[in-house]
Amino acid sequence: MANRRALVKRRTAVRNTRKITRTMQLIATARFQTAFKRAVASKPYTEKLEELVGNLAGAAGDLDHPLMRVPDSPTESTLLVLTSNRGLCGGYNGNVLRKAGEHYEQDKASGVTTDLRVVGKKGVGYLQFHGWPMSESITDLDDIPTFEQVEPIANSLMDRFVRGETGSVFVAYMKFISTGKQIPVVEQILPLEAGEAGELDEGTRRSEVEFEFSPEPAELLAELLPASVRIRIFQAFTDAAVSEQVARMVAMTAATDAADDMIKRLTQQYNRARQTAITMELLDIVGGANALA
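Since this is a predicted model, take the numbers as computed values, not measurements.

Visitor: I keep staring at the overall build of the protein and nothing clicks. Help me out?
Guide: Along the backbone of the protein there are five helices and five strands. If you list the helices and strands of the protein from N to C, you get α-β-α-β-α-β-α-β-β-α. Burial statistics for the protein: of 293 residues in total, 38% are counted as buried. Long-range contacts, defined as pairs at least 24 residues apart, comprise 77% of the intrachain contacts of the protein with a sequence gap of at least 6.

Visitor: Would you take a moment to explain the pattern of salt bridges for this structure?
Guide: Close approach of charged atoms allows side chains of opposite charge to pair. Applying the stated criterion to the full structure yields 13 salt bridges. The residue D143 makes a salt bridge to R86 at a minimum N-O spacing of 2.6 Å. Note that D143 is positioned in the loop between strand 3 (136-138) and helix 4 (147-162) and R86 in the loop between strand 1 (76-82) and helix 2 (92-109), a separation of 57 residues in sequence. Judged by relative accessible area, D143 falls into the partly exposed class, the value being 21%.

Visitor: Is there a simple way to explain the packing of aromatic side chains in this structure?
Guide: One pair of aromatic rings is described through two measures. These are the centre distance and the angle between the planes. The tally for this structure, following the rule as stated, stands at four aromatic pairs. Between F36 and F176 the ring centres are 5.8 Å apart and the planes differ by 75°, which places this aromatic pair in the edge-to-face class. Note that F36 is positioned in helix 1 (residues 2-59) and F176 in strand 4 (residues 168-178), a separation of 140 residues in sequence. Where F147 meets F234, the ring centres are 5.5 Å apart and the plane angle is 80°; that geometry is what we call edge-to-face. Taken together, the residues F147 in helix 4 and F234 in helix 5 (residues 217-292) connect sequence positions 87 residues apart. By relative accessible area, F147 is classed as partly exposed at 28%. An aromatic cluster of at least three residues, connected via ring pairs, comprises F32, F36 and F176. A cation over an aromatic ring shows up here: R11 above the ring of Y270, its NZ or CZ 5.2 Å from the ring centre.

Visitor: How do you make sense of the sheet that holds strand 2 (residues 113-119) when you look at a structure like this?
Guide: Adjacent strands of a sheet form backbone hydrogen bonds with each other and so pair up, either parallel or antiparallel. One open sheet holds the five strands; their spatial order is 3-2-1-4-5, and the pairing between them is mixed. Looking at the sheet topology across the chains shown, the edges are occupied by strand 3 and strand 5 (181-190). Ignoring strand direction, the axes of neighbouring strands in this sheet form an average angle of 25°. Bridge count for strand 4 against strand 5 is nine bridges, and the pairing is antiparallel. Directly across from A172, in strand 5, lies its bridge partner V186. Contacting strand 1, strand 2, strand 4 and strand 5, helix 2 crosses the sheet at an angle of about 175° to strand 1.

Visitor: Whenever I open this one, the nonpolar core confuses me. Can you help?
Guide: One broad rule of soluble globular proteins: the nonpolar side chains tend to lie buried together. Counting 49 residues, the largest nonpolar core has L80, V81, L82, L190, I233 and F237 as its most contacted members. Broken down by element, the residue count for this core peaks at 11 residues, all from helix 5. Grouped together as the second largest cluster of nonpolar side chains are 10 residues, A35, A39, F176 and M249 included.

Visitor: What's the story with the side chain of S243 in this structure? I'm lost.
Guide: Mapped onto the elements, S243 comes out in helix 5. Residue classification places S243 among the buried residues on the basis of a relative accessible area of 1%. There is a polar contact of 2.8 Å between the side chain of S243 and the backbone oxygen of D239. Aside from chain neighbours lying at most four places away, what touches S243 is Y92, M174, K175, F176 and Q182.

What counts and what doesn't
- Residues numbered from 1 in each chain as written.
- Predicted model: local features only at pLDDT ≥ 70, side-chain atom pairs only at ≥ 80, totals over all residues.
- Heavy atoms only, no water.
- Helix = DSSP H or I, 4+ residues; strand = E, 2+ residues; numbered from the N terminus.
- Buried < 20%, exposed > 50% of the residue type's maximum accessible area, 1.4 Å probe, protein only.
- Contact = heavy atoms within 4.5 Å.
- Salt bridge = Lys/Arg side-chain N within 4 Å of Asp/Glu carboxyl O.
- Phe/Tyr/Trp six-rings, centres within 6.5 Å; stacked < 30°, edge-to-face > 60°.
- Lys NZ or Arg CZ within 6 Å of the ring centre and 35° of its normal.
- Pairing = 2+ DSSP bridges.
- Axes fitted to C-alpha atoms, helices over the stretch in contact; angles between N-to-C directions.
- Core = buried A, V, L, I, M, F, W, Y, C linked by side-chain atoms within 4.5 Å.
- Polar contact = N/O pair within 3.5 Å; in protein donor to acceptor, adjacent residues only side chain to side chain.

Geometry only, nothing functional implied.
Okay, here's the thing in structure tokens:
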């Protein structure tokens, strides 16, 4: 009887857990839809702006813009790490932090000091636990950050690069490829390269395209280059947000399915225990009747 009561209590606990995981799965699905729409909406703008900047910079010839200057021998690099504020999203944070750690160790082996700036409570807690120095921790952003929240971060990174306080800027995040594929990456944001946007349509090379500038290239790119950096960093944030929700959906779906399986097994065990108890009671009754006969 005690075994049956224990099974009932355990099954009730698992059912309560399943309600929680199922609710979190539905919430993650709703948030994924919002994050996905924003990521998809901003990606074409990001790609076309990068292409435009690359084409203009290549056609304008030699330009001396602060965001395009490559230091002779950089001794410090900045790494912006994007993690989540909440857990229960599988290996999402672990994969990003592992990729960031690889980059950190590579810089260390090259004699370059890495200035770590971490977004998300999970990343901050991880680095604090491992004793890695952080110059900035940001934990007050929304689950799906807006451009207004990301812009000050991008401006701060550009200011440090222009002042010569860092020789390069990288961002570590989970890049969203599709609903079924997200990969942790470390991408270079600064310095910008004139040829990084790729080739034009129909195989036309950027250097073969002629432009008439109004205003002058330096003045035009002075506006476009910072805008390109801001939108690339914002795209990284949007990719990270949608990837987090995908990871949480998958993790909560797996947890809900596991709870369903456990409930079935506990129900079977309870039914077998109940059947055994009934059989024993019947045997006792039959045995008593035979003794009285």
